[in-house]
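# A structural walkthrough
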Amino acid sequence: MLVFNDVGRGPDDDLGIAMVLSGLYPDSGQCPFTNALLNNVLYGLNLAFPAINWTLLIERLSALVALFAAALVLLRSAPAAVSLTVIGFLSFLIYPLCTVSANFTVVGALCVFSGEMLIAYAVYRGRPLPACAGIALAALGFMWRSSVFLLSLPFFLVALAVPVLSAARSRTAAGRKLVVRVGVSAALVLAVTGGLFLYNQAVWTAPELASWQQYSHARSQLCDYPVKPYDDIASELDGLGVSENDYWCMTHWITADPDFFTAERLQAVADVAAEDKGATMARALQDEVRALLSDRIALLAALVLVGVVVGLRGGRRAFGWLALSAVTCFAVCVYFRWTGRFPIRVEYPAWMFSLMPAIACLLALPPSPALPPQDGCSVGKGDSPGRRGAPAATALGVAALSLALGILTVWYGPTMNVRALEQFQQESQFADSRPLVTAFRDAGGVSVWDPLAFAFAEQELRYRSLPPRSFMEHTAFAGGWTTGSALKARHDEEIGVANPLRSLAERRDVRFVTSKRETIEHVRRYLEEHCGARVELIVDFEIPVGPQNSGGENKVLYAVSFHQIEEED
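Note that the structure is a prediction, hence the values are computed from the model and not measured.

## As for the sheet that holds strand E1 (residues 446-449)
Strand order in the open sheet formed by five strands is E2-E1-E3-E5-E4, with mixed pairing between adjacent strands. Only two strands of the sheet have a single neighbouring strand rather than two, namely strand E2 (475-477) and strand E4 (534-545). Within the sheet, the average angular offset between the axes of one strand and its neighbour, ignoring direction, is 30°. Here E1 runs beside strand E3 (residues 510-514); their pairing, made up of four bridges, is parallel. By the bridge assignment, Ser447 is partnered in E3 with Arg511. Set on the sheet, helix H25 (residues 517-531) makes contact with E3, E4 and strand E5 (555-565); between it and E5 the angle comes to about 20°.

Structure follows, in structure tokens:
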């Protein structure tokens, strides 16, 4: 229902990644967000079998396998009440971010979470096959987004420490074997992910990729994080040859002039523009509390419900680990807000990872209070599963899962559409018939898109379907995360706009596309400052577009051409 659906949300770079790895750009094959090995596999599949959008297909399969793996481990090994509640948490808050919102970061996080849960399960049961599956799943998550594995690592190591402490109390041969299994599992996970990291580093030492990575890092500091106002650093920027309008362009994704917006210049500006965060920690704390009590109220309610069920059914030790993890996760969330960048695709996985230590405790508990604990684990008085609270906990678990599935059915059931299978094709009738695609393809010439305005085209494509090649032959970008890469430079050169921004003033058949009049004026001013001539603008046509968010206002896309005005003697 969530995969084959007419609803699509974003943008979160997934469509851009699919475009890069699909072969829409010449000689592409790498992406800075995902691991080089995964990139090679996806790019190779897309070239060998070009009818299929392999990036999207593998992403969907990764999330589906991870969700079922987590559900299987929970239902087989943890108390039913906790299993149902956690499955409801994953189904309602996490899995839609992997499908409806198409977010590769959350896909990687779900793979890592499920893989680590499989490893913990294998440690207790002494079964090598689940351990291998868990390592493979965690490695897949690492390849989708290495940073989410690092985010999970403290919680995972604590989860592995739980059976070690339990085994130390038991002082038995089985306990010593359990410690060995923990050590071997941790070593294998770190070895595999470390190998993937080293491979990725080796690939990105190639000159073309290294320069792209340098450019992307500098651009991200100016576009993705808070920066100082121009007036505060005007003298420093003047020394770097950067005007107030140049600075505006740098911080608003308009950087597709390789002659001026070099990696060195962007980094120099980023060094002086970085916001002083020393006095913002208290504000970050307030923002996180405010977010949990307003925008993230569903997340807070789900976490409280998990805590109640674990307290009723899991025993004092499991509840203690859950509380400690929650405090730690809250501190992590405050830190990320302090950095000035904390999207939902990071926040929700962080709270998901915080459940891991408590789940590790519960995996040692017998499914029924009448059964003994797992081998090598001691269960003290404070660790025993709650018997009096078991019926109430089970009722809460059933209610939580039923409510989660019911709400998802109400939200997405009416928009389910089996024809959404077209999203897995590289060329589809759906994408080819989108109004924006046909309008800008049929207009001829080249359209240089404001990256923020291209989100409207992504919205029409539901953030999943690849744009047709016939559309890309008339499309360039005024900035974005592909800027600074050799693949974008080759694409721009092939369609005749080696310098997309300056081509706006140099060629009559090149137009700029944006949804903001303010951006039009800044681009006009940029062309005047850097082309040495007065520039006039003409709005070639306007296209109404719907709001990107529910309840938002309708917008208008402006297709604007610029012309240099010769000065009279």
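## Looking at the packing of helix H2 (residues 36-48) against helix H8 (residues 173-203)
With their axes 8 Å apart at the nearest point, H2 and H8 run at an angle of 70° to one another. Between H2 and H8, the angle falls in the class roughly perpendicular. Residues Ala36, Leu37 and Asn40 of H2 pack against Leu196, Tyr199, Asn200 and Val203 of H8. Of the residues belonging to the contact of H2 with H8, the class tally is five nonpolar, two polar and no charged.

## What about the layout of surface pockets?
If you add up the space inside the second largest pocket, you get close to 320 Å³. The wall of the second largest pocket is formed by 19 residues, among which Pro258, Thr483, Gly484, Ser485 and Ala489 lie closest to the centre. At the level of elements, helix H9 (207-223) and helix H23 (486-494) are the ones that each hand at least two residues to the lining of the second largest pocket. The element contributing the most residues to the lining of the second largest pocket is H23, with four residues. Residue composition of the lining of the second largest pocket, by class: nine nonpolar, six polar and four charged.

## A word on the pairing of E5
Looking down a regular strand, the side chains alternate between one sheet face and the other. In this structure, E3 lies alongside E5, joined through three bridges in antiparallel fashion. By the bridge assignment for E5, Thr514 is matched with Tyr558. Inspection of the sheet shows E4 paired to E5 by 11 bridges, in the antiparallel sense. Looking at the pairing, Glu536 lines up with His563 of E5.

## A short note on the packing of aromatic side chains
Applying the stated criterion across every chain yields a total of 22 aromatic pairs. On the numbers, 5.0 Å between centres and 80° between planes, the contact of Phe260 with Phe261 is edge-to-face. Residues Phe260 and Phe261 agree in their burial class; the two are buried. Each ring, one from Trp411 and one from Tyr412, has its centre 6.3 Å from the other, and the planes form 85°; the classification is edge-to-face. Look at Tyr412 and you get buried, because its relative accessible area is 4%. In this structure, Arg265 packs its charged tip against the face of Phe260, placed 4.3 Å from the ring centre.

## Notes on the side chain of Asn35
Note on placement: Asn35 falls in the loop between helix H1 (14-22) and H2. The contacts of Asn35, once residues within four sequence positions are left out, are Phe142, Met143, Leu196, Phe197, Tyr199 and Asn200.

## Regarding H23
The complete set of buried residues in H23 reads Ala486, Leu487, Lys488, His491 and Asp492. Those residues of H23 that are buried lie in contact with H1, H9, helix H22 (469-472), E2 and helix H24 (500-506). Positive phi appears at Gly496, one or two residues downstream of H23, with a value of about 90°.

## With respect to the packing of helix H3 (residues 54-77) against helix H5 (residues 104-125)
Two packed helices can be described by the angle between their axes and the distance between those axes. H5 packs onto H3 with a crossing angle of 35° between their chain directions and a minimal axis gap of 9 Å. The interaxial crossing formed by H3 with H5 has left-handed handedness. In this structure, H3 contributes Glu59, Ser62, Ala63, Ala66, Leu67, Ala69, Ala70, Val73, Leu74, Arg76 and Ser77 to the contact, and H5 contributes Phe104, Val107, Leu110, Cys111, Ser114, Met117, Leu118, Tyr121 and Arg125. Classifying every residue of the contact of H3 with H5 by side-chain character gives 14 nonpolar, three polar and three charged.

## What about the environment of Ile233?
Relative to the helices and strands, Ile233 resides in the loop between H9 and helix H10 (234-239). A C-alpha to C-alpha distance of 9.5 Å links Ile233 and Val269, two positions 36 residues apart in sequence. Not counting residues up to four positions away in its chain, the partners in contact with Ile233 are Lys228, Tyr247, Val272 and Ala273.

## Description of the nonpolar core
If you look at the biggest cluster of nonpolar residues, it comprises 129 residues, and the most contacted ones within it are Phe89, Leu90, Leu110, Met352, Phe440, Trp449 and Leu557. Counting residues in hydrophobic clusters, the runner-up holds 38 residues, among them Leu237, Trp248, Ala476 and Ile495.

The rules behind each value
Residues numbered from 1 in each chain as written. Predicted model: local features only at pLDDT ≥ 70, side-chain atom pairs only at ≥ 80, totals over all residues. Heavy atoms only, no water. Pairing = 2+ DSSP bridges. Helix = DSSP H or I, 4+ residues; strand = E, 2+ residues; numbered from the N terminus. Axes fitted to C-alpha atoms, helices over the stretch in contact; angles between N-to-C directions. Contact = heavy atoms within 4.5 Å. Parallel < 35°, antiparallel > 145°, perpendicular 65-115°, else oblique. Nonpolar A, V, L, I, M, F, W, Y, C, P; charged D, E, K, R; others polar. 1 Å grid on protein atoms, 1.4 Å probe; cavity = no way out; pocket = protein on both sides within 12 Å on 5 of 7 lines; lining within 4 Å. Points joined across faces, edges and corners; volume = space filled by probe spheres on them. Phe/Tyr/Trp six-rings, centres within 6.5 Å; stacked < 30°, edge-to-face > 60°. Buried < 20%, exposed > 50% of the residue type's maximum accessible area, 1.4 Å probe, protein only. Lys NZ or Arg CZ within 6 Å of the ring centre and 35° of its normal. Left-handed = near helix turned anticlockwise from the far one by under 90°. Core = buried A, V, L, I, M, F, W, Y, C linked by side-chain atoms within 4.5 Å.

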